[in-house]
Amino acid sequence: MPRSTPQYKQPAPPGYVYIVEAARLSGRTIETLYKDRSIQRRTGQCPGPPSVTKNRKAMWRIADIDAWLESTDHLGPSDEQLRYSRAPEPARAAA
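Residues numbered from 1 in each chain as written. Predicted model: local features only at pLDDT ≥ 70, side-chain atom pairs only at ≥ 80, totals over all residues. Heavy atoms only, no water.

Draft legend 1. Geometry of the packing of helix H1 (residues 19-26) against helix H2 (residues 30-43). One can describe the packing of H1 onto H2 by two numbers: an axis separation of 9 Å at closest approach and a directional angle of 100 degrees. Regarding the angle of H1 to H2, the classification is roughly perpendicular. Taken together, the residues of H2 that come into contact with H1 (itself represented by Ile19, Val20, Ala22, Ala23 and Ser26) are Ile30, Leu33 and Tyr34. Of the residues contributing to the contact of H1 with H2, the split by class is seven nonpolar, one polar and no charged. (Axes fitted to C-alpha atoms, helices over the stretch in contact; angles between N-to-C directions. Helix = DSSP H or I, 4+ residues; strand = E, 2+ residues; numbered from the N terminus. Parallel < 35°, antiparallel > 145°, perpendicular 65-115°, else oblique. Contact = heavy atoms within 4.5 Å. Nonpolar A, V, L, I, M, F, W, Y, C, P; charged D, E, K, R; others polar.)

The following block contains the structure:
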């Protein structure tokens, strides 16, 4: 079951955003950001933009989101995947 969207009474500190804004800026879903956070806690590495916790609230630094976006400039399949992939099947005519 998806988590509910957190509602905060105060704005995030300068230079930080809460999860809703982090999802919008990074292009990832809220659920994916929560999963990234879980992986970050377990392994120390984060597949998405790294998060921080302040006052028991999850936050993302805007600079970290921008750096993560810069490092993932190639979001499609790798060149090797394209080289070894099959061409798409031609569409069949409707009978």
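Draft legend 2. Here's a closer look at the pairing of strand S3 (residues 57-61). Examined bridge by bridge, strand S1 (residues 16-17) and S3 share two bridges and lie antiparallel to one another. Within S3, the position partnered with Tyr16 by the bridge is Arg61. Where strand S2 (residues 51-54) folds back onto S3 in an antiparallel hairpin, the turn is made up of two residues, including Asn55, whose phi is positive at roughly 55 degrees. (Pairing = 2+ DSSP bridges.)

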